[in-house]
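Residue strings, one per chain:
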Amino acid sequence: MATILASLSKWFFHNDAFSFPFAFNTTWTKNRHTVRFGLDVTPEGKSELANPSSNNTNGTYIFTGDATGVYDADGNELSAGNAIADMLLGKAYNYSETALDLFGKYRWINIEPYVEDQFKVRPNITLTAGVRYEWYQTEYEQHNMLSTFTPSRFNPANASVVDQWGEITTQGDPLNGIMLAGKTSPYGRSVFPGHNNAFAPRIGIAWDPTNSGKMSVRAGYGIYYDRWGSYSQFGANNPPYNQIVSIYNTSLTNPGGAAGINYPPALSAVLSPWKFPSTQKWSLSVQREVLPDTTASIAYVGTKGTHLLGNYNLNQPDPNPLIQNWTISPDYVRPYQGYSGITAFTTEFGSNYNALQATLIHRLRKGLSFQASYTYSKALTDSSGTGSFPQNSYDWRAEYGPADFDQRQIFTANYSYDLPFFRGTKGFKNALLAGWQVSGITTYQSGGPITVTLLGDWAGVGSWNERATIVGDPNKAGPVAANPTCDAPSQIHVRANWFNPCAFVTPTPGTFGNSSRGILTGPGVENWDLGLMKQFAVRESMNLQFRAEAFNTFNTPGRGGVDTTADDANFSKMSGGNSPRILQLSLAFTF
């Protein structure tokens, strides 16, 4: 069983972007100081459809299996439904459609002056300090075709009245709470404020404690700002320029119902205070030549992200079992009445990353060269990026956990060795047996975080990004006391069951699941790619190169993906995996 998105929309991507950087950079040297300063001015823009990657003007259905599930009187699931069965019966969980796909022309300018001084304190100590100022103009649309929902402008007395079926019975102010660029916005042609205090200092030091040129200790700290994505462009989907309708618990054949029925529109909101996303970075490393042409280094690296971009449903209702069992529409009990879901973009999320990094490099010497790197790290965040909605819009702290891209341990090595056999021989032996080279790339990588999710809307909030409830240890095989009727596996970390599925249950209807994001670790990666090569000299300027290569040399099966949907029949099972061993022979003639 799986969620099905049946989209009838055409796909037309029109995205023209430009960036014209003008840079002035100069260097001034005096005594032990090397000062660099300059200015970057970059006019930028993009002209694109309001939603270029998902043109929804012909509508999208969502089937979750809720309609064919069997439930007891309290709403608890007795038998899981099937999304395909829902579709065949014509019972959709949700239908959405955008009236127009407007084409906007968005423009802005970035201005970034900087200054840096590199000071030679002593022959073996160099101190570098500088500061960069970032001014990012808030984007505007050339025809002021931007709007955003602003909670402080919403007046409940002017809201449309919505009945329990999600239909508007009394039309209110269609622009209730909506701010228009160039008209009602206090920010002029933009819909959020800019900032004038984005100073980014950096400092670093390099020290050779041996004064021999064979060792270095480096440390540094800096603040880095980033321009946000132009998410205000989604304001072109808001009234009065456009409208997105979202209808719940409807039919495949007639999603809009009878003629003349109006439904609450879905909105986008760019929320103030809109701050510059920034990252603090710090590091300490030691590098040393340990053998001739061989260097070892070890480093600690840390980062902290502040005011990072993310989004959530500003108009999420409180959990309600009546929504979960399709008795009422979510739009009937939303906080901002008269509207459906409101996708809010905000810069209130954060992250942190800490890592131990070790590297060993051997430069080519006597036919051998290699590089090996190992990283032990941890990345945590409450939002892995836009599109990763929290299950509960009012409890972001519950989203804090491993980032989607978190990889705790990574080892990689590449190597090349000229085989010493038959060197100096002549004739047949030299032509066929001498001059062979072996090379390869080896990768070992631990698995990434996986989150146990739900197929349907168990909380009853009008969304489908919720998590399961944990009742046992998923990393332990065998029966789970809190879930005695579940057929528990006797083995885990195998293809049939990567973890114990009996450790998770669907939550009580009208409540959120209590399992955390990234609660489990998925399968890792083990791979060896090896090659054997020899070059045959034909004439002075002609060569014939033979290569034999093996990808996934030891045919490691790999473990593939894991089904992490708790109310799915294949929950905890693995699918896919590494590509099988591939052998490749090639012959190249160069002249």
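Just above, that's the structure.
Residues numbered from 1 in each chain as written. Predicted model: local features only at pLDDT ≥ 70, side-chain atom pairs only at ≥ 80, totals over all residues. Heavy atoms only, no water.

**Student:** Would you mind going over the nonpolar core in detail, with residue names and values included?
**Tutor:** Membership of the largest hydrophobic core comes to 20 residues, with the highest contact counts inside it found for Phe149, Leu314, Tyr339 and Ile342. Mapped by element, the contributors of at least two residues to this core are strand E15 (178-180), strand E19 (265-270), strand E21 (294-313) and strand E22 (342-365). Considering each element in turn, this core owes the most residues, three residues, to E22. Leu146, Ala181, Phe276 and Phe345 belong to the second-largest nonpolar core, a separate cluster that totals 17 residues. (Core = buried A, V, L, I, M, F, W, Y, C linked by side-chain atoms within 4.5 Å. Buried < 20%, exposed > 50% of the residue type's maximum accessible area, 1.4 Å probe, protein only. Helix = DSSP H or I, 4+ residues; strand = E, 2+ residues; numbered from the N terminus.)

**Student:** Help me get a handle on the pairing of strand E9 (residues 103-122), residues and values and all.
**Tutor:** Inspection of the sheet shows strand E4 (residues 33-49) paired to E9 by 17 bridges, in the antiparallel sense. Bridged to Gly45 within E9 is Arg107. Sheet topology note: the E9/strand E11 (residues 140-141) ladder contains two bridges and is antiparallel. Paired with Arg107 across the two strands is Tyr140, which belongs to E11. Hairpin geometry of E9 and strand E10 (residues 125-136) is characterised by an intervening segment of two residues between the two adjacent antiparallel strands. (Pairing = 2+ DSSP bridges.)

**Student:** Outline the environment of Phe571, listing residues and values.
**Tutor:** With respect to the helices and strands, Phe571 occurs in the loop between strand E33 (561-562) and strand E34 (574-575). When its relative accessible area of 7% is taken as the criterion, Phe571 is described as buried. Once the C-alpha coordinates of Phe571 and Pro501 are considered, the two residues, 70 residues apart in sequence, prove to be 6.6 Å apart. Ignoring sequence-local partners within four residues, the contact set of Phe571 consists of Val452, Asn497, Phe499, Pro501, Phe504, Asp563, Thr564, Thr565 and Ala566. (Contact = heavy atoms within 4.5 Å.)

**Student:** Before we move on, can you summarise a nonpolar patch on the surface with the specific residues and values?
**Tutor:** A cluster of nonpolar side chains, namely Phe24, Trp28, Phe37, Leu39, Ile109, Ile111, Val115, Val131 and Phe199, defines an oily patch on the protein surface of about 770 Å² accessible area. Going through the elements one at a time, strand E3 (22-30), E4 and E9 are the ones with two or more residues in the nonpolar patch. If you trace the backbone, Phe24 turns up in strand E3. (Patch = residues over 30% accessible without salt bridge, like charges linked within 9 Å, V, L, I, M, F, W, Y side chains within 5 Å. Areas by Shrake-Rupley, 256 points an atom, 1.4 Å probe, with all protein chains shown as cover. Salt bridge = Lys/Arg side-chain N within 4 Å of Asp/Glu carboxyl O.)

**Student:** Quick rundown of the pairing of strand E5 (residues 60-63)? Include the residues and the values.
**Tutor:** Because side chains alternate across E5, one face comprises the buried residues Thr60 and Ile62, and the other comprises Tyr61 and Phe63, equally buried. Summarising the sheet, E5 and strand E8 (residues 91-98) pair through three bridges and their orientation is antiparallel. Its bridge partner being in E8, Tyr61 is matched across the sheet by Tyr95.

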